[in-house]
Amino acid sequence: MNGLVQHTADIEIKVLAPTLKILLKDNLGIMNDILKKGGCDTISHFDCQMCVEVTAKNTTDLLIGFLSDILSITYIQKSLFCNVYFTELSENRIKAQLYGKWLGEFDKNIKEVIYQDGYVLRNEKNMWESHIIFTI
């Protein structure tokens, strides 16, 4: 039997948001949903709190650094960080508190957030737009 079998170990996501803050939160929410489908839907309390600080030369690097740092903390703490509170936020710096729930297992493991074809920009309608790829 011959045939073409397509296999990809990547998940691409695109997000539109009215503000950079919402764009970051929405990307985090999608990443969490990949890790554990619906994992943040029924959380009534948080088990842990962590801090994250990211400085970058542009908003694309900022988003990728932000998600990459949270992904690392997620695996170290075995937690899903469903809530974020930004104490500082600009187009090249984030300082935030993360609130998470300890989990036993994830549905999928994300190896990394990759830079290839990734972007964050303001589109012609003045909306924040992002495109990133997760390697699974």
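Nothing here was measured: the structure is a model prediction, and the numbers come from that model.

What counts and what doesn't
Residues numbered from 1 in each chain as written. Predicted model: local features only at pLDDT ≥ 70, side-chain atom pairs only at ≥ 80, totals over all residues. Heavy atoms only, no water. Helix = DSSP H or I, 4+ residues; strand = E, 2+ residues; numbered from the N terminus. Contact = heavy atoms within 4.5 Å. Polar contact = N/O pair within 3.5 Å; in protein donor to acceptor, adjacent residues only side chain to side chain. Pairing = 2+ DSSP bridges. Axes fitted to C-alpha atoms, helices over the stretch in contact; angles between N-to-C directions. Expected span 1.5 Å × (residues − 1). Buried < 20%, exposed > 50% of the residue type's maximum accessible area, 1.4 Å probe, protein only. Disulfide = S-S within 2.5 Å.

What follows is about the environment of Cys-82. When you line up the elements, Cys-82 lands in strand β3 (residues 79-90). Residues Cys-82 and Asp-41 lie 41 residues apart in sequence; the distance between their C-alpha atoms is 8.9 Å. Filtering out sequence-adjacent residues up to four positions away, Cys-82 remains in contact with Asn-32, Gly-39, Cys-40, Ile-43, Phe-46 and Tyr-99.

Assignment of secondary structure puts Asn-32 in helix α1 (residues 20-35). Separated by 2.8 Å, the side chain of Asn-32 and the backbone oxygen of Phe-81 make a polar contact. The contact partners of Asn-32, leaving out residues within four places of it in the chain, are Cys-40, Leu-80, Phe-81 and Cys-82.

The next thing to look at is the sheet that holds strand β6 (residues 128-135). Spatial ordering of the open sheet is given by β1-β6-β5, a layout of three strands whose pairing is antiparallel. In the strand order of this sheet, the two ends are held by β1 (10-17) and β5 (112-122), each with one partner. Geometrically, the sheet is characterised by an average inter-axis angle of 10 degrees between neighbouring strands, direction not taken into account. Sheet analysis places β1 next to β6, joined by eight bridges and oriented antiparallel. Along β6, the bridge assignment pairs Val-15 with Ser-130. α1 contacts β1, β5 and β6 of the sheet and is inclined by roughly 150 degrees relative to β1. On top of the sheet, helix α2 (residues 59-77) reaches β5 and β6; it is set at about 140 degrees to β5, its chief contact.

Another aspect to go through is α1. The first and last C-alpha atoms of α1 sit 23 Å apart over 16 residues, in line with the 22 Å expected at 1.5 Å per residue. Every buried residue of α1 is accounted for by Leu-20, Leu-23, Leu-24, Asn-27, Leu-28, Met-31, Asn-32, Ile-34 and Leu-35. Contacts made by the buried residues of α1 are with β1, α2, β3, β4 (93-102), β5 and β6.

What follows covers α2. Here α2 contains 19 residues, and its C-alpha end-to-end distance of 27 Å stays within 8% of the 27 Å for a straight helix at 1.5 Å per residue. Of the residues flanking the start of α2, the one acting as N-cap is Asn-58, its side-chain oxygen 3.1 Å from the backbone nitrogen of Thr-60. After α2 finishes, the residue Lys-78 shows a positive phi value of roughly 55 degrees.

Time to look at the state of the cysteines. Enumeration over the complete set of coordinates arrives at one disulfide. Between the sulfur atoms of Cys-40 and its disulfide partner Cys-82 the distance amounts to 1.9 Å. Taking the sign of the torsion about the S-S bond as the criterion, the disulfide between Cys-40 and Cys-82, at about -80 degrees, is left-handed. Of this pair, Cys-40 sits in the loop between α1 and β2 (48-55) while Cys-82 sits in strand β3, placing them 42 residues apart in sequence. Of the cysteine sulfurs around Cys-51, a residue in no disulfide, the closest is that of Cys-48, at 12 Å.

This part covers the sheet that holds β2. Sheets are built from strands paired through backbone hydrogen bonds, the pairs being either parallel or antiparallel. Read from one edge of the open sheet, three strands run β2-β4-β3, paired in antiparallel fashion. For this open sheet the edge positions go to β2 and β3, each flanked by a neighbour on one side alone. Averaged over all pairs of adjacent strands, the angle between strand axes in this sheet comes to 20 degrees, irrespective of strand direction. Bridging between β3 and β4 involves ten bridges; their strand directions are antiparallel. When the sheet's bridge partners are listed, Phe-86 is paired in β4 with Ala-96. Across the sheet, α1 is in contact with β3 and β4; its angle to β3 comes to roughly 165 degrees. Lying on the sheet, α2 is in contact with β2, β3 and β4; it crosses β2 at an angle near 150 degrees.

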